[in-house]
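Inside the fold
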Amino acid sequence: MKEVVVVSPHKVEVREVPIPKIENDYDVLVEMKSAGVCGSDFHIYHGTNPCSTYPRIPGHENAGVVAAVGKKVSKVKVGDHVIVDLIMTCGTCYQCKIGRKNVCENVRVRGSGADGGWREYFTAPEPEVYKISPEVSWEDAALVEPFAIGAHCTSRGRVVPDDTVLILGTGTIGSIILQTCKAKGCKTIICCDISDTSLERAKSYGADYVINSRSEDMVKRIQEITQGKGVTIAFDSACFKGSLTMIMQPGIVCNAGRIVPMGFVTEPEAITQAMINQRELDIIGSRMSCFQFEPTIRHMENHDFKLAGIATNFIKFSNIQEVFDHMDHPDPAVKKMVVLFDE
Ligand SMILES: [Zn+2]
Ligand SMILES: [Zn+2]
């Protein structure tokens, strides 16, 4: 079989290796069918992912077919279509015990701290593998992981139908948060971006209002839309230096509102205690997802989301170099790539 290894930043090798064997009774051998390409893969390739070590096989948005199972596996059988979780945990630490396994103190992430799915076969323990209906296409199955992020961050943010939502940034994750909030019944969702084409796409995914912050005054528009009240929850899925400070300025989030930053920007923000406490804001961290794969798979099976246009480029595994070419020469029209494994 073939595997794709980022040997060191900007250095990629496609290697021929043996297909892994089932080594323990709870192992599942997965034959990969599709894998989403995400910002963190971009950062692994460019050497800017703080969680990654080298050499590394990228890929954390993994869908495939069960090719073999260990003796004690009962959840899936050979031939089942499955999604593989990216989170590998210890199961014994404080965080694991309180149901926060995504921030397990010994967490390992398949595709950044451990090898991921950009290879034709790999094994995963039974609990990290989830069955999905074969009616969900491989193109769509690769989107389960990012939609699980949408489920997680909106759950962390305690989104309810009465919320007035602001989503800053309408890329892949922003579009997914938008659709998740819609699915949770929110009636007023405002999307803000600097790209009109991105905002048009957000409208097609259900945005009630869009603001181009390059040509419009974001605070003024939010005040108009919310009749001077402000939004009750804001997601920062733009994640540039200063974006968090931007959505914390007065007039955007109301008193007792919530703010969920989605990124890993390392530059300091200009946030003061007063900005938080005058309005008693909650700033809520959110990382990857936690127990959201199975509910997200059910939503996918029920066609609850608009998936067209989330992935914009489908690339064959045998042409994987194209993925890295796009990483070398980013094009705003390439919003999300999905790798499809050759038949
Ligand atoms: Zn991702
Ligand atoms: Zn743990």
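Residues numbered from 1 in each chain as written. Chains lettered and ligands numbered in written order. Predicted model: local features only at pLDDT ≥ 70, side-chain atom pairs only at ≥ 80, totals over all residues. Heavy atoms only, no water.

Around the zinc ion (ligand 1), the protein contributes the donor atoms Cys38 (SG), His60 (NE2) and Glu61 (OE), at 2.1 to 2.4 Å from the metal centre. For the zinc ion (ligand 1), the single-chain donor residues occur in sequence as C-x21-H-E. Here Cys38 is found in the loop between β3 (27–36) and α1 (39–46), whereas its partner Glu61 is found in strand β4 (residues 61–69), with 23 residues between them in sequence. Judged by its relative accessible area of 2%, Glu61 falls in the buried class. (Donors = N, O, S within 2.8 Å, 3.2 Å for Na, K, Ca; no water. Helix = DSSP H or I, 4+ residues; strand = E, 2+ residues; numbered from the N terminus. Buried < 20%, exposed > 50% of the residue type's maximum accessible area, 1.4 Å probe, protein only.)

Before going further, it helps to examine the sheet that holds strand β15 (residues 282–283). The 6 strands are arranged β12-β11-β10-β13-β14-β15 in an open sheet whose pairing can be described as parallel. The sheet is open, and its two edges are formed by β12 (209–212) and β15, each paired on a single side. Relative to strand β11 (residues 188–193), strand β10 (residues 164–168) runs parallel, the two being bridged by 5 bridges. Across the sheet, Ile167 pairs through a bridge with Cys191, a residue of β11. Docked against the sheet, helix α7 (residues 218–225) engages β10, β11, β12 and β13 (231–236), running at close to 165° with respect to β12. (Pairing = 2+ DSSP bridges. Contact = heavy atoms within 4.5 Å. Axes fitted to C-alpha atoms, helices over the stretch in contact; angles between N-to-C directions.)

With that settled, the discussion passes to the domain arrangement of the protein. The parts lose accessible area when they come together, and the size of an interface is often stated as this lost area. Domain boundaries assigned for the protein yield domain 1 (2–147 + 289–340) and domain 2 (158–283). Here domain 1 and domain 2 have C-alpha centroids that lie 29 Å from each other. Counting residues at the interface gives 9 residues for domain 1, matched by 11 residues for domain 2. Together domain 1 and domain 2 conceal approximately 970 Å² of surface at their shared face, both sides included; 59% is due to carbon and sulfur atoms. (Domains from an automatic or database assignment. Buried area = accessible area lost by both parts, 1.4 Å probe.)

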